[in-house]
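Here is what each chain is made of, one letter per residue.
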Amino acid sequence: MRKIILILMLFVLTVCLAQASTFHGDDQRTGNFTASVEVLPSLNWTAELTGLVDSSPVYYNGHIYVTNWYGWGTWQPGLYSLNATTGAVEWKNDSITGASSVAVFGDKLVVGSLSGTLYYVNITSGKIVKSVKLESSPSWWGIASSPLVYNGSVYVTTFSNGTLWKLDADGNVLWHYTSGGEITPYSSPSAYNGLIFFAGNESGKHVLIAINESGDIQWKFPVDGKITNSPSVGDGKVFIATKSKLYAINFDESEAWNVSFNGTISTAAIAYGNIYIGSSDGKLYCFDSNTGNKKWEFDAGGKIDSSPAVANGVVYFATNTPHGTLYAVNAFTGELLWYYRLTPPSGSYYNIMSSPFIANNRLFIGADSGYVYCFKSGVVEVNVTLYPGKYTERAGTGSYEVNSTSALAALHYASLGGISDGAEIGFNYSINDSSYTQDGSLNVSAIMGLQNDGLKWRYWVNDVSPAVSPNKYELSNGDTIYYIFGTDTPPNAQIMLKINAKVMPAGVNAITVSNGARGGNITSWVNVTSTTSGWFVIVVSGTNDNGEAIAGISTVRLNANEETRVPVLIHVPQLAETGTYTLYAGVYRFEDYPNNPLVISSPVSSEVS
């Protein structure tokens, strides 16, 4: 009988752990999630909350719980419950706002707010059950710390005086410990084996504090500056960062290792014997959790405040930059798998401070666009514009010249940043050249890290499965190319890259211009390609800020898909205004000139003296 009871208890414990719903996934803040597939930049849904969604969404029992705060223009503050399948708003409590992530506590949510109040909220209705004022000096942040539910109690820190609070299920304060000085507003406590770990500041001496559930200090570990993130616990250690170091601390208070590091609020994820953490120098780092040796680094091109999430061999994180970008990289090599970059309108900044939360093979994250985003494995759709010419494709140790209007070129240029609705999507892919010496074929072996598994990548164009390899198939304007992983066919494929191709009849690959003087000339060179052979007119023209124009013209015969460098001489009149002229190159079919330009280049500048 005891054995049966023990098995039932273990089963219940396993279910509870699987349902652990708090910032960074669990009590230890490991950021280690479960997924059976790789999440792709396939947008399942978006939910507009307005404002800035800098808290991290938390999933529980088919729902997403998330707060927002200060935002662009008019905004609707609140704690939101969203349907995790559709993104529909189920309820909103507009009395609660901030950057704190919720912790699920039975039939309640526990969350901090801008006012410095900790709220207990009914999980079904969104109504406030209990409010407790904990932060006496809320400033800009209030309680931005994310509460921790551990062994039937709630733990949360307040930043102004470095205090850890313990409360019961009804919101009664059981005890608190005040270190005295200010700590990072976003730092949250973590727990393991009966100990709570949190950042402290004792008269300017910054420490990591380990305290037991009775409120007795077990030890304090001094660090070189303010702890910037939340402690994460795993592999027998506690990991924390400051602005200049990353520390690994053993449970007996001894230091395991430290390395020079530019810390942010990014909390380390722990998986596969490694830790993964973002930095202010724009790189995601992977360190051996036992030795501190760096295994790899990935340059994301901007500050990383987002705390990485790891699942199924992939690390997901985002950048706190005006064009906030969600990245997926290989957890073992640091190789880019894909990115999803937000494209804000002029004057807006779509930074991402929020951290990914992964559940049910979906990824949830907020952004300064005011939206929560849900991604899944599925169909990724992008638009690309192709210009005639050639590019170099690399496979293994070989390099191959490929037409820039082929089906393979569509994949290549989409990988560099294909346009999606409100975003830019880029990804990694690899080519198999084993058949090239036999028949000149280049075939796709992996896209976004997906390969093997008994499946392979095939491609379709519109409703046809071509009999030639993608490097040999020439596209027409308006073609849709499907790269499919598996045996399905479009539009029913479960995993598919859909590329809508606009094929331009001509292209300007480069334009250079000299400076000029009154009564003289400006020499320009235009690198031109065309999908067809024939005679073309090349015009280089433009104006200054006052609208005064200069222009030059040339004619040339082009061969299909071959790049030709064409000189165009621009005469500068004796009475022309001096200063800067903005010039463009236009390409026309000879018989259409001066109407219907095939393509117009990006602008270049020339100085007239």
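Our subject is the structure listed above.
A. Representation of the overall build of the protein within the structure. Within the protein, the secondary structure is distributed over three helices and 50 strands. Dimensions of the protein, computed from the C-alpha atoms along their principal axes, are close to 90 × 60 × 45 Å. By residue count, 56% of the 609 residues in the protein fall in the buried class. Put simply, of all contacts in the protein between residues at least 6 apart along the chain, 53% involve residues at least 24 apart. Here the protein has roughly 24,700 Å² of accessible surface; of this, 48% comes from carbon and sulfur atoms. When the 33 positive and 47 negative side-chain charges of the protein are each reduced to one mean point, those points stand 4 Å apart.

B. How the structure looks around helix 2 (residues 407–415). Counting buried positions over the nine residues of helix 2 gives eight, a clear majority of the element. Those residues of helix 2 not exposed but buried are Ala407, Leu408, Ala409, Ala410, Leu411, His412, Ala414 and Ser415. Gly417 sits one or two positions beyond helix 2 and adopts a positive phi of about 135°.

C. Highlighting the sheet that holds strand 25 (residues 294–299). Spatially, 22-23-24-25 is the arrangement adopted by the four strands of the open sheet, whose pairing is antiparallel. The open sheet is flanked by strand 22 (269–271) and strand 25, the only strands paired with a single partner. Geometrically, the sheet is characterised by an average inter-axis angle of 20° between neighbouring strands, direction not taken into account. Summarising the sheet, strand 23 (residues 274–278) and strand 24 (residues 283–288) pair through five bridges and their orientation is antiparallel. In the sheet register, Asn274 faces strand 24, and the bridge partner there is Asp288.

D. Region of the structure containing unusual backbone geometry. Backbone torsion omega between Pro490 and Pro491 reads 5°, so that peptide bond is classified as cis. Relative to the helices and strands, Pro491 resides in the loop between strand 41 (480–485) and strand 42 (496–503). Between Tyr593 and Pro594 the backbone carries a cis peptide bond, its omega angle lying at 10°. Within the secondary structure, Pro594 sits in the loop between strand 48 (579–589) and strand 49 (599–600). Residues other than glycine seldom take positive phi values, yet Asn151 does so here, at roughly 50°. Structurally, Asn151 is set in the loop between strand 10 (148–150) and strand 11 (153–158). Of note in the backbone geometry, Ser203 takes a positive phi value of approximately 55° without being a glycine. Position of Ser203 among the secondary structure elements: in the loop between strand 15 (195–202) and strand 16 (205–212).

E. Representation of the side chain of Ser524 in the model. Topologically, Ser524 is positioned in strand 44 (residues 521–530). A polar contact is formed between the side chain of Ser524 and the backbone oxygen of Val568, at a distance of 2.8 Å. Those residues in contact with Ser524 that sit more than four places away from it in its chain are Thr512, Val513, Val540, Val566, Pro567, Val568 and Ile570.

F. A look at the nonpolar core. Counting residues in hydrophobic clusters, the biggest one holds 86 residues, and the most contacted among them are Trp338, Ile447, Ile481 and Tyr483. With six residues, helix 2 is the largest single contributor of residues to this core. Counting residues in hydrophobic clusters, the runner-up holds 26 residues, among them Ile522, Val556, Val566 and Val568.

G. Local environment of the pairing of strand 13 (residues 173–178). Direction of pairing for strand 12 (residues 163–167) relative to strand 13: antiparallel, over a ladder of five bridges. Looking at the pairing, Lys166 lines up with Trp175 of strand 13. Counted between consecutive antiparallel strands, the loop separating strand 12 from strand 13 contains five residues, among which Gly171 sits at a positive phi close to 90°.

H. Seen up close, the packing of aromatic side chains. Using the criterion set out here, one finds 37 aromatic pairs in the structure. With centroids separated by 5.6 Å and ring planes inclined at 70°, the aromatic side chains of Phe261 and Tyr285 adopt a geometry described as edge-to-face. Of this pair, Phe261 sits in the loop between strand 21 (255–260) and strand 22 while Tyr285 is found in strand 24, placing the two residues 24 residues apart along the sequence. Each member of the pair, Phe261 as well as Tyr285, carries the same accessibility label: buried. Here the aromatic cluster, defined as three or more aromatic residues joined through ring pairs, consists of Tyr316, Trp338, Tyr340, Tyr371, Tyr373 and Phe375.

I. Quick peek at the pattern of salt bridges. Applying the stated criterion across every chain, the model contains nine salt bridges. Between Lys226 and Glu182 there is a salt bridge, and its shortest N-O distance comes to 3.5 Å. With Lys226 in the loop between strand 17 (217–222) and strand 18 (232–234) and Glu182 in the loop between strand 13 and strand 14 (190–192), this pair connects stretches of sequence that are 44 residues apart. As a salt-bridge pair, Lys303 and Asp305 come within 3.5 Å of each other at their nearest N and O atoms. Exposure remark for Lys303: the relative accessible area of 38% places this residue in the partly exposed category. What emerges from the salt-bridge pattern is a single network uniting Lys283, Lys294 and Glu297.

J. Region of interest: the pairing of strand 42. The buried fraction of strand 42 is high, at six of eight residues. Here strand 41 pairs with strand 42 via five bridges, running antiparallel. Residue pairing for strand 42: Thr480 is matched across the bridge by Asn500.

K. Molecular detail of the sheet that holds strand 4 (residues 79–83). What the four strands build is an open sheet, ordered 2-3-4-5; its pairing is antiparallel. Unpaired on one side and paired on the other, strand 2 (58–60) and strand 5 (89–93) mark the two borders of the sheet. Looking at each pair of strands side by side, their axes are set apart by 20° on average, direction ignored.

Reading guide: rules and limits
Residues numbered from 1 in each chain as written. Predicted model: local features only at pLDDT ≥ 70, side-chain atom pairs only at ≥ 80, totals over all residues. Heavy atoms only, no water. Helix = DSSP H or I, 4+ residues; strand = E, 2+ residues; numbered from the N terminus. Buried < 20%, exposed > 50% of the residue type's maximum accessible area, 1.4 Å probe, protein only. Contact = heavy atoms within 4.5 Å. Areas by Shrake-Rupley, 256 points an atom, 1.4 Å probe, with all protein chains shown as cover. Lys, Arg positive; Asp, Glu negative; His and termini not counted. Charge placed at Lys NZ, Arg CZ, Asp CG, Glu CD. Pairing = 2+ DSSP bridges. Axes fitted to C-alpha atoms, helices over the stretch in contact; angles between N-to-C directions. Polar contact = N/O pair within 3.5 Å; in protein donor to acceptor, adjacent residues only side chain to side chain. Core = buried A, V, L, I, M, F, W, Y, C linked by side-chain atoms within 4.5 Å. Phe/Tyr/Trp six-rings, centres within 6.5 Å; stacked < 30°, edge-to-face > 60°. Salt bridge = Lys/Arg side-chain N within 4 Å of Asp/Glu carboxyl O.

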